[in-house]
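Residues per chain are reported as follows:
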Amino acid sequence: MKRLLFLLPLLVAVPAWALDVAATTSSMGMLARAVGGSQVRVTELAPPDRDAHLLQAKPSMLRTLRDAQLVVAVGAELEIGWLPAALGGAANAAILPGRPGYFEAAAQVPLLDAGQAADRAQGDVHPAGNPHVNLDPGRMAIVARALAERLARLDAANAAGYRERAQAFAAAVEARSSGWRRQAGGSGGALLYHKDAAYLLHYLSLPLHGTLEPVPGVAPTASHLEALAGRLKGKPGVIVHTPWQPPAGAEKLASLIGWKVAVLPLDPPAGSDAAGYFALIDRWVEALATK
Ligand SMILES: [Zn+2]
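Being a predicted model, the structure only gives us computed values, none of them experimental. Along each chain, the written sequence defines residue order, and numbers are assigned to residues from 1. Restriction of local features to residues with pLDDT of at least 70 applies here, the model being predicted, together with a cutoff of 80 or more for giving and counting side-chain atom pairs; totals for whole chains, interfaces and linings are based on all residues.

A. The arrangement of the overall build of the chain in detail. Helix and strand counts for the chain stand at ten helices and eight strands. Taken against the 2.2 N^0.38 rule, which gives 19 Å for 291 residues, the C-alpha radius of gyration of the chain at 21 Å falls within 12% of a compact globule. Principal-axis analysis of the C-alpha atoms places the extent of the chain at approximately 80 × 40 × 35 Å. Every one of the 291 residues in the chain was classed for burial, and the buried ones make up 41%. A sequence separation of at least 24 residues applies to 67% of the contacts in the chain between residues at least 6 apart. The numbering of helices and of strands both runs from the N terminus, where a helix is a DSSP run of H or I of at least 4 residues and a strand a run of E of at least 2. It is over C-alpha atoms that the radius of gyration is taken, and the globule rule equals 2.2 Å times the number of residues to the power 0.38. Three exposure classes are used, based on other C-beta atoms lying within 10 Å of a residue's own C-beta, which is placed from the backbone: buried for 20 or more, exposed for 12 or fewer, and partly exposed in between. The contact rule is simple: place each C-beta atom from the backbone, and if two of them lie within 7 Å, those residues are in contact.

Here is the structure:
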C-alpha cells in the first residue's frame, strides 16, 4: 500500500492526451477538437466575442503557447497584431512559423482577394488576401484533412484516428451543404461591414454587394454610405455585421435602402465542437435567406 501511494503522483502526472494544441480562435479550436478527438487538449487564445484583428498578446497566451506542441492559426495575417508577439514571448521554438508545430488554415486553401493590389498605406489590413476562411464549410473540410496530416506527423501513433475524424467532418459538411444551398438559394445576397463572411456568400453562390468599410480595416465614411445607397436602392439583400462592429453605418444604410440588419458572430461559442460550428452556419444561412 505504501508503494502504491508513492506511485500515485506519477500516474496522475501522465496526461490522457497526446498533444497540447493552442488554437487562435474558437473556429480553429473547434476544428482541432473535431479532428484531434480525445488525443488533443485544445486551448483557445482569442474569445469569439472580440475582434481577432485587434487583440493584444497577453500573459495567459504566452503560458498556453509555452506548453503547446501545435499552434492552429487562421493565418494570412489575421492574427498579425498579436500572435507573432505572443509566439516571441513564449520562447517555444517548436511552434514558430515554418516548424511542424505551426499550422495556418488559410495556407491550406485558395484565398479570395489574393494577389490584388492591396495597399496597406490605404489602411488595408489584408494585403495577403482575405483570411476569413472559417465561415466557409467547404474550405474548412479541406483544412480539416490538412490538419489531420499535421497531427499525424506530430503524433504518428494516432494518425489513423486523425484521418478518420477529418473524413467524418468533411462528410458532415457534405451532408449539410445541399440543405444550406437550397435554403439560401435565390436570395438577394448581403452587404457586410468587413469581408469576414465573403467566403460563406461565395460557398452559397450569393452576391456580396460590398462592405460598409471602404477599405478593409477602415471605418465607414458618409460619402461611401451614400454611394452604397445609390447603388443598392431597389435591390434585395440584407446587411450583416458582427456584435463588435459599430452598428451606426449599418443602421444608416438600412434606413436609406430598406434592408434588414442581422447581427451575427463569425465564430462558434468558445469550446464548441462541430455541432456548434454547424449551428453557427445554420444561423448565418437563415439570416441570408431573404425571400
Ligand atoms: Zn479581416
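B. Summary view of helix α4 (residues 83–90). Residues of α4 that are buried: L83, A86, L87 and A90. Buried residues in α4, looked at end-on, bunch into an arc of 100 degrees, giving them a common side. In this fold, the buried residues of α4 make contact with α3 (59–66) and β3 (70–73). Positive backbone phi, at 50 degrees, marks A91, one or two positions downstream of α4. The arc under discussion is defined with respect to the helix axis, by the directions toward the C-beta atoms.

C. Structural context of the sheet that holds β3. Taken together, the four strands give an open sheet; going across it, the order is β2-β1-β3-β4, and neighbouring strands pair in parallel fashion. Single-partner strands in this sheet number two, and they are β2 (40–44) and β4 (102–104). Across the sheet, the axes of successive neighbouring strands diverge by a mean angle of 20 degrees, strand direction being ignored. Relative to β2, strand β1 (residues 19–23) runs parallel, the two being bridged by five bridges. In the strand pairing of β2, L19 is matched with V40. Strand pairing follows a simple DSSP-based rule, namely that at least 2 bridges must link the two strands. Note on geometry: axes are C-alpha line fits, over the in-contact stretch for helices, and angles between N-to-C directions span 0 to 180 degrees.

D. Representation of the sheet that holds strand β8 (residues 260–263) within the structure. One open sheet accounts for four strands, arranged β6-β5-β7-β8; its pairing is parallel. Where the open sheet ends on each side, the last strands, each with one partner, are β6 (208–211) and β8. On average, each strand axis in the sheet is tilted by 25 degrees relative to the strand beside it, whichever way the strands run. Across two bridges, the pairing between strand β5 (residues 190–192) and β6 is parallel. Opposite A190, over in β6, you have L208 as the bridge partner. Against the sheet, helix α9 (residues 248–257) makes contact with β7 (238–241) and β8, and its axis sits at roughly 175 degrees relative to β7, the strand it touches most.

E. Representation of the domain arrangement of the chain. For the domain bounds, the source is a domain assignment made automatically or taken from a database. Domain annotation of the chain identifies domain 1 (16–175) and domain 2 (177–288). The centre of domain 1, based on its C-alpha atoms, is set 24 Å off from the matching centre of domain 2. Contributing elements (two or more residues each) for the side of domain 1 that touches domain 2: α2 (26–36), α5 (137–154) and α6 (159–184). The dominant element in the side of domain 1 that touches domain 2, judged by the number of residues it contributes, is α2, at five residues. Gly is put with the polar residues, along with every residue not named as nonpolar or charged; the nonpolar set is Ala, Val, Leu, Ile, Met, Phe, Trp, Tyr, Cys and Pro, and the charged set is Asp, Glu, Lys and Arg. Of the residues assigned to the side of domain 1 that touches domain 2, the class counts are twelve nonpolar, ten polar and nine charged.

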